[in-house]
Amino acid sequence: AITCYADILAVGAQQAIIEHFERTGIRVALTGYDNTYLSRLKQISLTSVEPQNDLIAKRCVEMLIEDFKNPPIKGREVLMKPYLVVRESSDFKVN
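A quick note: this is a predicted structure, and the numbers were derived from the prediction, not measured. (Residues numbered from 1 in each chain as written. Predicted model: local features only at pLDDT ≥ 70, side-chain atom pairs only at ≥ 80, totals over all residues. Heavy atoms only, no water.)

Undergrad: Just to check I follow, could you spell out the overall build of the protein chain for this structure?
TA: Scanning the protein chain from terminus to terminus reveals 3 helices and 4 strands. Reading the protein chain from its N terminus to its C terminus gives the helix and strand order β-α-β-α-β-α-β. For the protein chain, whose C-alpha radius of gyration is 18 Å, the value lies well above the compact-globule estimate of 12 Å for 95 residues. With the principal axes as the frame, the protein chain shows a C-alpha extent of 60 × 25 × 20 Å. Counting only residues that meet the buried cut, the protein chain has 28% of its 95 residues in that class. Looking at the protein chain alone, contacts between residues at least 24 apart form 63% of all its contacts between residues at least 6 apart. Accessible surface computed for the protein chain: about 7,200 Å², of which carbon and sulfur atoms make up 60%. Charge-centre separation for the protein chain: the mean point of 12 positive side chains lies 4 Å from the mean point of 12 negative side chains. (Helix = DSSP H or I, 4+ residues; strand = E, 2+ residues; numbered from the N terminus. Rg over C-alpha atoms; globule rule 2.2 N^0.38 Å. Buried < 20%, exposed > 50% of the residue type's maximum accessible area, 1.4 Å probe, protein only. Contact = heavy atoms within 4.5 Å. Areas by Shrake-Rupley, 256 points an atom, 1.4 Å probe, with all protein chains shown as cover. Lys, Arg positive; Asp, Glu negative; His and termini not counted. Charge placed at Lys NZ, Arg CZ, Asp CG, Glu CD.)

Below is the structure:
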């Protein structure tokens, strides 16, 4: 399995993985990160981690508004839970 830190890098690796499979018959699962529009294209169909950037942006704005209303709180930590969107690049059964 190969995991890339961005979908665009995974798309670049995808052709090499296809050629590897054609030569060896060994499948390699591929996963990207950021769930861009590229990953959703049918001919690419890339499994990707969805970081929920819209929720991250919303929370950032909320925190900025809070900081304008009250003194900023030092050392805040906010965790946003990503989720995996499984597509054809990694969705296969092992024999």
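Past the structure itself, the notes keep going.
Undergrad: I would appreciate a short explanation of the sheet that holds strand β3 (residues 47-50) in the present structure.
TA: Strand pairing in a sheet is mediated by backbone hydrogen bonds. Such pairs are either parallel or antiparallel. Spatially, 4 strands are ordered β1-β2-β3-β4 in an open sheet, and the strand pairing comes out mixed. On the outer flanks of this sheet lie β1 (2-3) and β4 (83-85), each paired with one strand and no other. Packing of helix α1 (residues 7-24) onto the sheet brings it into contact with β1, β2 (30-33) and β3, and relative to β2 it is tilted by some 165°. (Pairing = 2+ DSSP bridges. Axes fitted to C-alpha atoms, helices over the stretch in contact; angles between N-to-C directions.)

Undergrad: I'm lost on the nonpolar core in this one. Help?
TA: Most often, soluble globular proteins have nonpolar side chains that are buried together. Counting residues in hydrophobic clusters, the biggest one holds 8 residues: Cys4, Ala10, Ala13, Ile17, Leu30, Leu38, Ile44 and Leu46. Element by element, the count of residues in this core is highest for α1, at 3 residues. Every residue in contact with Ile17, bar those within four places of it in the chain, is listed here: Ile2, Val28 and Leu30. (Core = buried A, V, L, I, M, F, W, Y, C linked by side-chain atoms within 4.5 Å.)

Undergrad: Looking at this model, I keep getting lost on the packing of aromatic side chains. Mind explaining?
TA: Two aromatic rings, taken as a pair, are described by how far apart their centres are and by the angle between their planes. Here the structure, examined in full by the defined rule, presents 0 aromatic pairs. Lying across the ring of Phe21, Arg27 places its NZ or CZ 6.0 Å from the centre. (Phe/Tyr/Trp six-rings, centres within 6.5 Å; stacked < 30°, edge-to-face > 60°. Lys NZ or Arg CZ within 6 Å of the ring centre and 35° of its normal.)

Undergrad: So what exactly am I meant to see when it comes to the environment of Tyr37 here?
TA: Inspection of the secondary structure puts Tyr37 in helix α2 (residues 37-40). Among the residues examined, Tyr37 registers a relative accessible area of 56% and is labelled exposed. In this structure, the C-alpha to C-alpha distance between Tyr37 and Asp7, residues 30 residues apart in sequence, is 9.2 Å.

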